Amino acid sequence: MLYRFDHTPELRDVSLEVWAAGGRLHYRVRGPASPRCRTSLLTYFAWHNMLRPVRVSGDTYIFSLYLPPIPSPAHNHQLENFLRNRLFGRRTPMAATLAVTDACQLSCPHCSAALRPRGKAQLDTATWRRVIGECVDLGTSVVTFTGGEPLLRRDIDELIAAVPKERAVAEFFCNGLEAAPERLAELKAAGAYGIHLSLDSPDEGEHDRGRGRAGVYRAVSQAARAARAAGLLVGLSTYATNASVDARKLTRVAALAEDWGVSEVSVFDGIRTGRMLRGCEPLLDAGHKRALIAEARTANRVHRGRLRVITQSWTNSGRGFSLLIGCLAGNLQCHITPQGDLTPCDFTPLSFGNVQDAPVADLWWGMLAHPAYRKRSLHCRMQSPEFRARYIDTIPEGSSLPYPVDGTRTEALTAR
């Protein structure tokens, strides 16, 4: 497939041929400006070839739910964003998580969506369709619907269909309770690419107790198999604490994932946000992060080619290819709440304006003008004592979240 980078003036005369064969990605780059991107392309494709795909679909390879199939027009869009960011320092979000509802059947203690203003009007279908288009125009190639529970939103099929498939893929996080086989088939028909199912523990009783409802673990297991049968990519989403690392729960989660036909396990750091915002002790300390990375590395060797385990601890570690990733918030990702507030990520309870008042691009550039986000960070800011002391601990007690950040809109033009 021939890739072009028409939205990046410096690379408009570059043509990149990408194809998949023999378990590897191959490419050929041409054009007067091609020397500018050769090193970045070499690093990018060498990393993927070291990983190898977790799924093969015709003449395309799938490496992750966080990447469009390769090659594909949507991947062309993402790779252009990667090069624009890497070569010219123009950070635009490759991923946008859109919390389309606050409604949820559960009340999990670790939920990052807790403390949002309940009962406040949420964005309507037309506004979300506009927001999706603006995110993709800005550079987004992975649109992820979250909540609450996004499948409780009646128009979720329409929102998934609003994601332009030639430029981006659409996926959603789900607790499994609404993921009946016929519903998943409908979402696939609407254009869904993948589903992330939340699994807090490999132990059924522990997962259900944490979620506050019996039968949730069973629903996740059934949804994983049904989603695979519907043709969706399936991921499991979990989180790590010092205790879960000591118990080596990730090893058991990965074994379940392979049994259920899951392609990828995402392990987020336990972060003090939502109901746990005011805590002091880290949920996952540096030593346990290193142990988690090692456990994930072992799991990837054991399950190689059948599923992949990726941890936030690694993407924020500053090692190897993770140097190109770092903290996604305000770097490669933005998050928009049900009421339209733009935040750096769903873990960060800071609002940089509302999409009902300004285009997504203006809010994004305003966020990047803020002192905390002018430069990319290798490590999660929400786990930084300095960041929390300055921006999180100063949020007045009892405030609804996300809390507005002052002085960013007036600086937006300077960040462009």
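Refer to the structure presented above.
This text gives an overview of the structure that appears in the document. (Residues numbered from 1 in each chain as written. Predicted model: local features only at pLDDT ≥ 70, side-chain atom pairs only at ≥ 80, totals over all residues. Heavy atoms only, no water.)

**A short note on the packing of helix 6 (residues 204-211) against helix 7 (residues 216-229)**
Viewed as axis vectors pointing N to C, helix 6 and helix 7 meet at an angle of 110°, and their least axial separation amounts to 7 Å. Between helix 6 and helix 7, the crossing angle belongs to the class labelled roughly perpendicular. On helix 7, the residues that touch Glu204, His207, Asp208 and Arg211 of helix 6 are Val216, Tyr217, Arg218 and Val220. Its residues assigned to classes, the contact of helix 6 with helix 7 comprises 3 nonpolar, 1 polar and 4 charged. (Axes fitted to C-alpha atoms, helices over the stretch in contact; angles between N-to-C directions. Helix = DSSP H or I, 4+ residues; strand = E, 2+ residues; numbered from the N terminus. Parallel < 35°, antiparallel > 145°, perpendicular 65-115°, else oblique. Contact = heavy atoms within 4.5 Å. Nonpolar A, V, L, I, M, F, W, Y, C, P; charged D, E, K, R; others polar.)

**Considering the side chain of Asn85**
You can see Asn85 is positioned in helix 2 (residues 73-88). Apart from the residues lying within four places of it in its own chain, the contact partners of Asn85 are Arg90, Arg91, Asn331 and Leu332.

**Remarks on the layout of surface pockets**
Its volume calculated, the second largest pocket comes out at about 330 Å³. The wall of the second largest pocket is formed by 18 residues, among which Cys280, Pro282, Met382, Gln383 and Arg388 lie closest to the centre. Every element with two or more residues in the lining of the second largest pocket is listed here: helix 10 (286-302) and helix 13 (385-392). Of the residues assigned to the lining of the second largest pocket, the class counts are 8 nonpolar, 4 polar and 6 charged. (1 Å grid on protein atoms, 1.4 Å probe; cavity = no way out; pocket = protein on both sides within 12 Å on 5 of 7 lines; lining within 4 Å. Points joined across faces, edges and corners; volume = space filled by probe spheres on them.)

**Let's talk about the sheet that holds strand 6 (residues 95-99)**
Sheet strands line up and pair through hydrogen bonds in the backbone, either parallel or antiparallel. Strands sit in the order 12-11-10-9-8-7-6-13-14 across an open sheet of 9 strands; the sheet is mixed. This sheet does not close on itself; its edge strands, each paired only once, are strand 12 (308-311) and strand 14 (342-343). As judged from the 5 bridges shared by strand 8 (residues 169-174) and strand 9 (residues 192-198), these two strands associate in the parallel manner. Considered in strand 9, the bridge of Phe173 is made with His196. Set on the sheet, helix 3 (residues 125-138) makes contact with strand 6, strand 7 (142-146) and strand 13 (333-336); between it and strand 6 the angle comes to about 165°. (Pairing = 2+ DSSP bridges.)

**So, the pairing of strand 8**
The element strand 8 is largely enclosed, with a buried count of 6 among its 6 residues. Alternating positions in strand 8 separate into two faces, Val169, Glu171 and Phe173 on one and Ala170, Phe172 and Cys174 on the other, with burial throughout. Bridge count for strand 7 against strand 8 is 4 bridges, and the pairing is parallel. Of the residues in strand 8, the one forming a bridge with Thr144 is Glu171. What joins strand 7 to strand 8 is helix 4 (residues 156-161), and the crossover it makes is right-handed. One crossover worth recording links strand 8 to the parallel strand 9 by way of helix 5 (residues 181-190), and it is right-handed. (Buried < 20%, exposed > 50% of the residue type's maximum accessible area, 1.4 Å probe, protein only. Right-handed = clockwise from strand over helix to strand, strands pointing away.)

**Focus on the pattern of salt bridges**
As enumerated under the stated definition, the model contains 16 salt bridges in all. For Asp137, the salt bridge is made with Arg167, and the minimal N-O distance between the two is 2.8 Å. Residue Asp137 is located in helix 3, and its partner Arg167 is located in the loop between helix 4 and strand 8; the two are separated by 30 residues in the primary sequence. Owing to a relative accessible area of 22%, Arg167 belongs among the partly exposed residues under this scheme. Residue Arg211 pairs with Asp200 through a salt bridge whose shortest N-O separation is 2.8 Å. In this pair, Arg211 sits in helix 6 while Asp200 sits in the loop between strand 9 and helix 6, placing the two residues 11 residues apart along the sequence. If you follow the salt bridges from partner to partner, you end up with Asp157, Arg183 and Glu186 in one network. (Salt bridge = Lys/Arg side-chain N within 4 Å of Asp/Glu carboxyl O.)

**Observations concerning unusual backbone geometry**
Note the cis peptide between Ile70 and Pro71, where omega equals -5°. Looking at where Pro71 falls in the secondary structure, it is placed in the loop between strand 5 (60-62) and helix 2. For the bond running from Gly147 to Gly148, omega is 10°, close enough to zero to count as cis. Tracing the backbone shows Gly148 in the loop between strand 7 and helix 4. Backbone geometry places Arg248, a non-glycine residue, at a positive phi of 55°. Note on placement: Arg248 falls in the loop between helix 8 (242-246) and helix 9 (249-260). Judged by its relative accessible area of 42%, Arg248 falls in the partly exposed class.

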